[in-house]
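Chain by chain, the residues run as shown.
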Amino acid sequence: MDPAAAAAALFRSTFAAEPAAVAVAPGRVNLIGEHTDYNGLPVLPFAIGQSTAVAVAPSEAPLLEAVSREFPVPARLPLDAGPAACAEPWHRYLAAAAAVLGPRLPGRGARIAVASDLPAASGLSSSSALTVALLLALDAAFGLGLGRAELAGLAAQAERLAGAETGGMDQQVIAFAEAGALLRIDFLPPAMRAVPVPAGWAFVVASSGQPAPKGGGARDAYNERVVATRIAAALLADMLGAEIEGTPLLGHVAAIDAAPVLVDELPARSSARKAAATAGVPLERLVTLAAGTFDPDAQLPVRGYARHVLAEAERVDLACAAVEAGDLAALGELMAASHASLRDDYRCSTPALDALVKAMTKAGAAGARLTGAGFGGFAIAVCERGREQAVIDAAVAAAGGPAFEVAPSAGARLA
Ligand code: GLA
């Protein structure tokens, strides 16, 4: 049964009532532009056919009562529970959605049923699909009148409350994707552009066999990179004599010609405390996260991280041009360079992801790389149509699967 029908059926069998709204939100794959979004630099993801559906009806009690086809433990959460109080990872996203809606739900709760055909903790954004679908369903059920951009922004804020200080890529592509196209997203200043995919190309995603839960084990490693790139941005701005208001991001300095050269002058490692003193930036701008404070004395490898982010942003521009020119070989080379940079400079690959990328490339993919935050999860490959089965077979042989073709699909919708 598809997720929308399954969520509605689960709602009826659990609550003996009809849902007021059912929303469906797809997962996403990032083609290129990894760990650039929270630096205000561009990304090039697309939404996929696999999705999470949420069926909702308002209730009078100030509670979220939720069941899921995939997660065994049901939720019964006060509206003001807050994500930190939830032991079950999937409950955190429910509590976080209630927290960001806050006064928009005037003391009223909801009954919720969830069904998904997206693998969890995979790097395919099952958490963002859940959050966006939930907000869209609550918006429809309560008549909140949220605009799409507002909804994507609230979903990103909710995920940060749930623990990982993420950028806005996942929620934005899930909210705005168009079938048959990639979505180039810029953040400084905000912009979006659909980039149609040539007909003869196929995309394959494959599991490395290792889970990468954004709200769990991968969270601290992710947040370390958020803070380290803020440190790099503050130090580079200081070297360049550039003024930054608010949180320093590499996107604030990336367009300055000298920035990529000065990256090599950054200290190999620095703490936030040391960098704040050197650059004359308030320490809290570097270490404050939505869900806590990062250790100001942790020594972080800022130079390598910054080198990856600045080079990756350039690869996004080149990849857009390659897709628009129908140049599969050029795109493949950019993907290979992205993976190498994520492995060597950003240190977020794993031996299993490296082996998977190698196997898919050997089997005829034009290019392959880890997708999403890394630390496990999935890789993506692009190939000429006709070669996808060979790439899938090689991925399963290398890492055990699952591996499957994904097609650029439309964004979230009401069912
Ligand atoms: C996760 C985050 C995104 C992005 C990627 C890395 O998927 O949710 O915002 O930072 O990691 O590119």
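Use the structure listed above.
Now for a quick tour of the structure. Given the structure is predicted, the values throughout are model-derived calculations rather than measurements.

The rules behind each value
Residues numbered from 1 in each chain as written. Predicted model: local features only at pLDDT ≥ 70, side-chain atom pairs only at ≥ 80, totals over all residues. Heavy atoms only, no water. Helix = DSSP H or I, 4+ residues; strand = E, 2+ residues; numbered from the N terminus. Rg over C-alpha atoms; globule rule 2.2 N^0.38 Å. Buried < 20%, exposed > 50% of the residue type's maximum accessible area, 1.4 Å probe, protein only. Contact = heavy atoms within 4.5 Å. Pairing = 2+ DSSP bridges. Axes fitted to C-alpha atoms, helices over the stretch in contact; angles between N-to-C directions. Phe/Tyr/Trp six-rings, centres within 6.5 Å; stacked < 30°, edge-to-face > 60°. Lys NZ or Arg CZ within 6 Å of the ring centre and 35° of its normal. Near = heavy atom within 4 Å. Polar contact = N/O pair within 3.5 Å; in protein donor to acceptor, adjacent residues only side chain to side chain. Nonpolar A, V, L, I, M, F, W, Y, C, P; charged D, E, K, R; others polar. Salt bridge = Lys/Arg side-chain N within 4 Å of Asp/Glu carboxyl O. Expected span 1.5 Å × (residues − 1).

A few points about the overall build of the protein
- In terms of regular secondary structure, the protein is built from 13 helices and 14 strands.
- Whereas a compact globule of 415 residues would reach a radius of gyration of roughly 22 Å, the protein reaches 21 Å, a difference of no more than 12%.
- Each principal axis of the C-alpha atoms in the protein carries an extent, and together these give about 65 × 55 × 35 Å.
- Within the protein, the fraction of its 415 residues that count as buried is 59%.
- Summarising the internal contacts of the protein: among those between residues at least 6 apart in sequence, 73% fall at separations of at least 24.

So, the sheet that holds strand S8 (residues 201-207)
- An order of S11-S12-S8-S13 is seen for the four strands of this open sheet, with the pairing classed as antiparallel. Among the strands making up the open sheet, the edge pair consists of strand S11 (367-370) and strand S13 (403-406). Neighbour-to-neighbour, the strand axes of the sheet open up by a mean angle of 25 degrees, direction not taken into account.
- As paired elements, S8 and S13 share four bridges and run antiparallel to each other. Looking at the pairing, Phe203 lines up with Val406 of S13.
- In the packing of helix H11 (residues 328-344) onto the sheet, contacts are made with S8, S11 and strand S12 (378-384), and the angle to S11 comes to roughly 30 degrees.

Here we look at the packing of aromatic side chains
- This model, assessed by the stated rule, comprises six aromatic pairs.
- Summarising the aromatic geometry, the rings of Phe46 and Phe203 are spaced 4.8 Å apart at their centres and angled 40 degrees between planes, so their arrangement reads as tilted. Remark: Phe203 occurs in strand S8 and Phe46 occurs in strand S2 (residues 44-59); sequence separation between them is 157 residues.
- The class of Phe203 is buried, set by a relative accessible area of 2%.
- The ring of Tyr346 is capped by Arg225, whose NZ or CZ atom sits 5.9 Å from the centre of that ring.

Re the site of the ligand
- Near the ligand there are 13 residues, and of these Glu34, His35, Asp37, Asp170 and Tyr222 occur at the shortest range.
- The contact in question runs from an oxygen atom of the ligand to an N or O atom on the side chain of Arg28, over 2.8 Å.
- Within the side chain of Tyr222, one N or O atom sits 2.6 Å away from an oxygen atom of the ligand.
- Its residues assigned to classes, the shell around the ligand shows four nonpolar, four polar and five charged.

Brief notes about the pattern of salt bridges
- The tally for this structure, following the rule as stated, stands at 22 salt bridges.
- Ionic pairing is found between Arg225 and Glu224, a salt bridge with its closest N-O pair at 4.0 Å.
- A relative accessible area of 5% places Arg225 in the buried class.
- Here Glu224 falls in the partly exposed class, since its relative accessible area comes to 22%.

As for helix H1 (residues 3-15)
- Its 13 residues give H1 an end-to-end C-alpha distance of 18 Å, which sits within 8% of 18 Å, the value for a rise of 1.5 Å per residue.
- Taken residue by residue, H1 has Pro3, Ala4, Ala6, Ala7, Ala8, Phe11 and Phe15 as its buried positions.
- Taken together, the buried residues of H1 touch strand S1 (21-32), S2, strand S3 (63-68) and strand S5 (109-116).
- If you check the start of H1, you find a side-chain oxygen 2.9 Å away from the backbone N of Ala4, and it comes from Asp2.
- Where H1 ends, the next residue or the one after it, Ala16, has phi of about 50 degrees, a positive value.

As for the sheet that holds S1
- Strand order in the open sheet formed by six strands is S4-S3-S5-S2-S1-S14, and the pairing between neighbours is mixed. Both outer strands of the open sheet, strand S4 (75-78) and strand S14 (413-414), are each paired with one neighbouring strand and no more.
- Strand direction decides the pairing type here: S3 and S5, joined by five bridges, are parallel. The partner of Ala66 across the bridge, within S5, is Ile112.

Observations concerning the side chain of Ser125
- Along the chain, Ser125 falls in the loop between S5 and helix H3 (126-142).
- A relative accessible area of 4% means that Ser125 is categorised as buried.
- When sequence neighbours within four positions are dropped, the list of residues in contact with Ser125 reads Arg28, Asp170, Ile174 and Lys214.

Points about the side chain of Arg184
- Looking at the secondary structure, you find Arg184 in strand S6 (residues 181-187).
- Reaching out from Arg184, the side chain makes a polar contact with the side chain of Asp317 at a distance of 2.7 Å.
- The contact partners of Arg184, leaving out residues within four places of it in the chain, are Pro42, Val43, Leu44, Ala191, Met192, Arg193, Val195, Val316, Asp317 and Cys320.

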